[in-house]
Amino acid sequence: MKNELDSKFLLRVFDKIRQHGEKENEQYKLLGITAYTDHDGYTLFIEDVHVKLRFGFHNQYHFDYESNSHLEGFEKKLKKIEKEY
């Protein structure tokens, strides 16, 4: 995810979080990652305590984080979800 976000990877992880995570209101939580959509379902949000990712229409995305180590930890969690679930 350093240069280009792999949209297929992200959608797979989002789906796994929804399938295997705990639902709390309209959000799903798995391994410290929270996933949800906006009201129309066009924008996905995936976040942990340090990183927020907004992924939307036409594969546009935006990360919000304070340090590269936070982003690296977030990426590891997403890869772990993809691999283990």
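Up top you'll find the structure we're talking about.
Residues numbered from 1 in each chain as written. Predicted model: local features only at pLDDT ≥ 70, side-chain atom pairs only at ≥ 80, totals over all residues. Heavy atoms only, no water.

Visitor: Would you take a moment to explain helix α1 (residues 7-20) for this structure?
Guide: Residues that lie three or four places apart on an α-helix share one face, since the helix turns once every 3.6 residues. End to end, α1 covers 20 Å across 14 residues, agreeing with the expected 20 Å (1.5 Å per residue, within 8%). Along α1, the residues that are buried comprise S7, F9, L10, V13, F14, K16 and I17. Of the surrounding elements, those touching the buried residues of α1 are β2 (27-30), β3 (33-37), β4 (44-47), β5 (52-55) and α2 (68-84). N-cap assignment for α1: the residue whose side-chain oxygen lies 3.1 Å from the backbone N of K8 is D6. (Helix = DSSP H or I, 4+ residues; strand = E, 2+ residues; numbered from the N terminus. Expected span 1.5 Å × (residues − 1). Buried < 20%, exposed > 50% of the residue type's maximum accessible area, 1.4 Å probe, protein only. Contact = heavy atoms within 4.5 Å. Polar contact = N/O pair within 3.5 Å; in protein donor to acceptor, adjacent residues only side chain to side chain.)

Visitor: Would you mind showing me how to read the sheet that holds strand β6 (residues 61-64) here?
Guide: Paired through backbone hydrogen bonds, the strands of a sheet run either parallel or antiparallel to each other. Read from one edge to the other, the open sheet built from six strands follows the order β1-β2-β3-β4-β5-β6, with strand pairing classed as antiparallel. The sheet is open, and its two edges are formed by β1 (22-24) and β6, each paired on a single side. When the angles between neighbouring strand axes are averaged without regard to direction, this sheet yields 20°. The strands touched by α1 within the sheet are β1, β2, β3, β4 and β5, with β2 carrying the most contacts at an inclination of about 95°. Where α2 meets the sheet, it contacts β2, β3, β4, β5 and β6, and its direction lies at approximately 80° from that of β3. (Pairing = 2+ DSSP bridges. Axes fitted to C-alpha atoms, helices over the stretch in contact; angles between N-to-C directions.)

Visitor: Where do I start with the environment of V13 in this structure?
Guide: Looking at the element boundaries, V13 is found in helix α1. Taking relative accessible area as the criterion, V13 reaches 0% and is therefore assigned buried. Considered as a pair, V13 and L78 are 65 residues apart in the sequence and their alpha carbons are 6.5 Å apart.

Visitor: Would you take a moment to explain the pattern of salt bridges for this structure?
Guide: Opposite charge on two side chains makes pairing possible when the charged atoms of those side chains draw close. One pass over the full model with this rule turns up four salt bridges. Across the pair E82 and R12 runs a salt bridge whose closest N-O atoms are separated by 2.7 Å. With E82 in helix α2 and R12 in helix α1, this residue pair connects regions lying 70 residues apart in the sequence. A relative accessible area of 24% means that E82 is categorised as partly exposed. In this structure, K52 and E47 form a salt bridge, with 3.8 Å as the shortest nitrogen-oxygen distance. Exposure remark for E47: the relative accessible area of 15% places this residue in the buried category. (Salt bridge = Lys/Arg side-chain N within 4 Å of Asp/Glu carboxyl O.)

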